[in-house]
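For reference, the chains in residue letters:
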Amino acid sequence: MANTTAGAVRGLSQKFICSKHVLSASPGVGLYSSRTKSMSAKALQYAKLPSLPVPKLNQTLEQYIRTVKPLLTKDEFAVTEQVAKNFGAPGGVGEKLQLMLEEKGAKEPNWLSEWWLDSAYLSYRLPVLVHSNPALVFPKQNFLSKKEHLAYAAKLIVGALRYKAIIDSGKLEQDYLGKSPLDMSQYTKVFNGCRIPGLKTDTIRHALDSNHVIVIHNNQFYKVVVYGENGQILDDRDILNGLTCVTQKYNGPSAGVGFLTTECRNVWGIAHEELNKDPVNRASLQAIEDSIFVMCLDKSSKIEDNATVSTRMALQLLHGYGAENNSGNRWFDKTLQLIVSEDGVNGLCYEHSPTEGPPIANLADLIVNYAQEKTLRDDERHLTPHCERLTFNLTSALDEAVMLAKRNVDQLVQDVQMNSFSFDKFGKEDIKALKLSPDSFIQIAIQMAFIRLHGHPAAHYESASTRRFHGGRTETIRSCLPEIVNFANIHLKQNLSPQEKFKALQSAVNAHKGYVGMAINGQAIDRHLLGLKRLAIEGGIDIPSLFLDPGYSTSNNWRLSTSQVAAVNDMVMCYGPVTPDGYGCCYNPRRDEINFAVSAFNSNPTTCAEKFGEALKKCLEEMRDVATSSILSSL
Ligand code: COA
């Protein structure tokens with residue numbers, strides 16, 4: 001489960017579900033002026049939310065049978081259907097596990113939380129970069145000088161600290177989905193957090209109080225204090241001095257410990273233990289792990305390819321382009337890494353386990369606005385914050401681990417294909433004008449693009465928010481629904497009238513929208529099935545055949561891992577595929593355009609991010625044509 005879910009559960013942002021948090025670019029007073037300890041979610045006075053429900057077993061099995069059908073042959077389906085029916089038979093193992101889960105659900109406000117954190121993230125052993133951490137590309141900047149580069153980075157730092165101050169003060173406005181208030185606890189986990197690698201499973205560390213950020217430059221780590229003596233956030237001009245000091249401080253060789261965070265988690269876990277044996281290393285690690293966040297000051301990446309600027313930006317933020325470029329100028333375990341490159345590429349990369357996208361994307365919108373509006377004070381009344389280079393003593397074993405990590409990260413970087421583009425023929429508002437749900441429309445186009453390229457449907461994951469419930473995170477929308485596959489087949493293979501095609505499209509949209517409704521109300525099937533399986537494992541019960549059936553594996557082999565991440569600014573989130581033969585596809589539906597980032601692996605001969613992007617554009621346009629010609633002909 002972990003192998004197939006970790007990357008697929010990446011954070012999304014929904015501007016519509018979030019209140020408009022305002023971050024003024026005017027000099028900080030009141031709310032922003034003092035450093036407060038990070039608040040626990042408990043301290044924030046937000047709406048009391050219902051517990052996460054446990055769906056009915058027969059409802060889940062019905063949906064399971066329905067959604068597995070398009071992915072199997074007739075014979076395979078007959079077996080899988082029977083296995084599912086046996087599982088749900090009266091007095092069978094399914095009923096027994098269901099009762100146990102209902103008991104757990106009655107006692108705990110969120111029966112899923114710990115299982116989800118563990119199986120989707122902390123026990124997942126592949127590197128976090130590409131496989132789990134999403135990156136968010138901010139609008140490109142053009143810096144005419146080193147000072148402009150550093151000044152922009154300083155403004156992003158101050159913008160982020162101001163956002164943190166709003167969260168810490170408990171003054172963040174309540175988020176809503178429609179009229180339902182949403183769980184706000186994720187906001188308290190964006191800052192001061194770090195994932196710590198372990199030999200079998202990782203942990204999350206969260207510093208209660210911290211007064212510094214880590215700046216990484218030329219693969220060197222610097223601790224920069226960002227609050228003044230009275231606890232006020234330092235001015236952008238002061239932070240700029242800190243960054244200037246960092247870039248001038250040291251030009252010697254780097255130990256390259258940042259590369260270790262690009263490794264498989266158990267390899268990094270061993271190296272982390274080894275590093276921790278030395279007191280100097282221990283102090284440096286602690287400074288990084290307990291920092292508020294990381295700012296990576298990147299150099300321009302030297303790459304020879306034909307990629308577009310937007311694709312290059314996405315890749316630099318996702319993986320740093322390898323050992324010779326910026327992959328060592330990172331601490332991929334840190335919850336939040338802001339990145340500003342001297343060539344104007346900027347954005348963030350975040351470690352996914354503590355939080356989904358919405359708090360991150362809100363932060364992004366607000367700090368981008370702040371950085372673009374703010375003009376730096378240009379007087380001499382400024383100070384230089386405390387700024388200290390962190391050092392490491394590497395044993396020969398650790399030196400070797402760094403060398404190996406460099407080789408491995410280069411291989412991973414070589415393997416990732418990205419295609420980031422803006423589809424500009426129409427946007428969200430045009431789809432709404434056709435009286436169709438934009439998200440469902442885009443999801444159908446993604447599945448149809450896969451069918452167009454590969455000739456058959458694929459298991460298709462879309463994240464839905466379950467923040468209506470206490471501690472809620474996500475549920476899977478199974479977007480490979482029979483009605484969607486039916487529309488794709490009709491459209492691609494049959495010569496029907498626009499009206500007939502439009503009817504099939506409407507039915508596909510309605511089916512998707514219906515599944516979204518189930519998912520956001522905690523009534524979809526994937527988290528429920530995970531809970532039943534975890535109970536069997538923990539109770540020493542033989543794993544039920546439902547979970548060993550090939551149909552179950554096929555339906556969880558998410559060859560399409562997709563997310564809507566809405567942001568107001570011209571941004572797009574990106575991440576890697578979650579299966580070797582799959583695609584990652586993230587999108588930001590804007591008013592008049594849709595930003596996409598499609599990824600695939602070079603090592604798989606059947607997938608191609610470039611071709612997928614072309615097929616997707618074609619599907620979107622043809623679907624719009626189906627709808628418009630049907631509507632026009634009925635006038
Ligand atoms: N006709 C006209 N307008 C329609 C419509 C129709 N038939 N159906 C929907 N719309 C409108 C909506 O009212 C909405 O309007 P707005 O722009 O004024 O807000 C807009 O279209 C968008 O709705 P839709 O495209 O249907 O999607 P959604 O916004 O409901 O999003 C999900 C769907 C699944 C993305 C959302 O429910 C969700 O869960 N998002 C969060 C996911 C998340 O947090 N993930 C974290 C993962 S790590």
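Residues numbered from 1 in each chain as written. Predicted model: local features only at pLDDT ≥ 70, side-chain atom pairs only at ≥ 80, totals over all residues. Heavy atoms only, no water.

The name given to the protein chain in an unreviewed UniProt entry is Choline/carnitine acyltransferase domain-containing protein, with Daphnia magna as the source organism. The Sequence similarities (unreviewed entry) comment attached to the protein chain in UniProt states, word for word, "Belongs to the carnitine/choline acetyltransferase family." (UniProt positions renumbered as here; feature names shortened; annotations may be inferred.)

Right, let's get into the nonpolar core. Ranked by internal contacts, the top residues of the largest apolar core, which has 93 residues, are Leu436, Leu505, Leu546, Phe596, Phe612 and Leu616. When residues of this core are assigned to their parent elements, the largest contribution, 11 residues, is made by helix H16 (residues 498–520). Beyond its immediate sequence surroundings of up to four residues, Leu616 is in contact with Phe421, Ala445, Ile446, Ala449, Cys585 and Phe596. Core analysis: the second largest hydrophobic core is formed by 61 residues, Tyr152, Leu156, Ile239 and Leu240 among them. (Core = buried A, V, L, I, M, F, W, Y, C linked by side-chain atoms within 4.5 Å. Buried < 20%, exposed > 50% of the residue type's maximum accessible area, 1.4 Å probe, protein only. Helix = DSSP H or I, 4+ residues; strand = E, 2+ residues; numbered from the N terminus. Contact = heavy atoms within 4.5 Å.)

The next point concerns the pattern of salt bridges. Applying the stated criterion to the full structure yields 27 salt bridges. Between Arg205 and Glu289 there is a salt bridge, with its nearest N and O atoms 3.8 Å apart. Placement of Arg205 in strand S5 (residues 203–206) and of Glu289 in helix H9 (residues 279–289) is noted, with a sequence separation of 84 residues between them. Assessed through its relative accessible area of 32%, Arg205 is described here as partly exposed. Since its relative accessible area comes to 4%, Glu289 is described here as buried. The shortest N-O distance in the salt bridge between Arg559 and Asp581 comes to 3.4 Å. Linking Arg559 in the loop between helix H19 (550–556) and strand S15 (560–564) with Asp581 in the loop between strand S16 (572–574) and strand S17 (583–589), this pair joins segments that are 22 residues apart in sequence. By sharing partners, the salt bridges in this structure join Arg125, Arg195, Asp202, Arg265, Asp333 and Glu351 into a single network. (Salt bridge = Lys/Arg side-chain N within 4 Å of Asp/Glu carboxyl O.)

Attention shifts here to the sheet that holds strand S13 (residues 460–465). With mixed pairing, 6 strands are arranged side by side in an open sheet as S12-S18-S17-S15-S13-S14. With partners counted over all chains shown, the strands left at the sheet margins are strand S12 (416–423) and strand S14 (474–478), one partner each. Averaged over all neighbouring strand pairs, the angle between strand axes comes to 20°, with direction disregarded. Direction of pairing for S13 relative to S14: antiparallel, over a ladder of 5 bridges. Across the sheet, residue Glu462 finds its bridge partner in S14, namely Ile477. Docked against the sheet, helix H12 (residues 396–415) engages S12 and strand S18 (594–601), running at close to 45° with respect to S12. Docked against the sheet, helix H14 (residues 438–454) engages S13, S15, S17 and S18, running at close to 150° with respect to S17. (Pairing = 2+ DSSP bridges. Axes fitted to C-alpha atoms, helices over the stretch in contact; angles between N-to-C directions.)

To continue, consider the environment of Leu348. Among the secondary structure elements, Leu348 is positioned in strand S10 (residues 346–350). Once the C-alpha coordinates of Leu348 and Cys296 are considered, the two residues, 52 residues apart in sequence, prove to be 9.2 Å apart. For Leu348, the residues in contact, after removing those within four places along its chain, are Pro134, Ala135, Leu136, Phe138, Leu317, Leu336, Gln337, Leu338, Ile339, Ile360 and Ala364.

Using a probe with the size of a water molecule, rolled over the atoms, empty space left in the structure can be pinpointed. As enumerated under the stated definition, the model contains 1 cavity of 30 Å³ or more in all. Lining the largest cavity, in full, are Thr67, Leu71, Ala459, His460, Arg478, Ser479, Cys480, Ser555 and Trp558. Looking at the lining of the largest cavity, its residues break down into 4 nonpolar, 4 polar and 1 charged. (1 Å grid on protein atoms, 1.4 Å probe; cavity = no way out; pocket = protein on both sides within 12 Å on 5 of 7 lines; lining within 4 Å. Points joined across faces, edges and corners; volume = space filled by probe spheres on them. Nonpolar A, V, L, I, M, F, W, Y, C, P; charged D, E, K, R; others polar.)

Side chains of Ile537, Ile543 and Leu548 sit close together on the surface and give an oily, nonpolar patch of about 270 Å² of accessible area. Among the secondary structure elements, Leu548 is positioned in helix H18 (residues 545–548). (Patch = residues over 30% accessible without salt bridge, like charges linked within 9 Å, V, L, I, M, F, W, Y side chains within 5 Å. Areas by Shrake-Rupley, 256 points an atom, 1.4 Å probe, with all protein chains shown as cover.)

Any two packed helices are characterised by how steeply their axes cross, that is the angle between the axes, and by the distance between the axes. Viewed as axis vectors pointing N to C, H14 and helix H15 (residues 482–493) meet at an angle of 55°, and their least axial separation amounts to 9 Å. Comparing their axes, H15 and H14 come out oblique. Where H14 crosses over H15, the two elements pack in a sense that is right-handed. Across the interface between the two elements, Ile444, Gln447, Met448, Ile451 and Arg452 of H14 pack against Ile484, Val485, Phe487, Ala488, Asn489, His491 and Leu492 of H15. In terms of residue class, the contact of H14 with H15 is made up of 8 nonpolar, 3 polar and 1 charged. (Parallel < 35°, antiparallel > 145°, perpendicular 65-115°, else oblique. Left-handed = near helix turned anticlockwise from the far one by under 90°.)

The next subject is the side chain of Asn329. For Asn329, the position within the fold is in the loop between helix H10 (309–319) and strand S9 (336–341). Residue classification places Asn329 among the buried residues on the basis of a relative accessible area of 1%. Within polar-contact distance, the side chain of Asn329 engages the backbone nitrogen of His217 at 3.5 Å. When near neighbours in sequence (up to four residues on either side) are disregarded, Asn329 contacts Ile216, His217, Asn218, Asn219, Cys296, Leu297 and Asp298. (Polar contact = N/O pair within 3.5 Å; in protein donor to acceptor, adjacent residues only side chain to side chain.)

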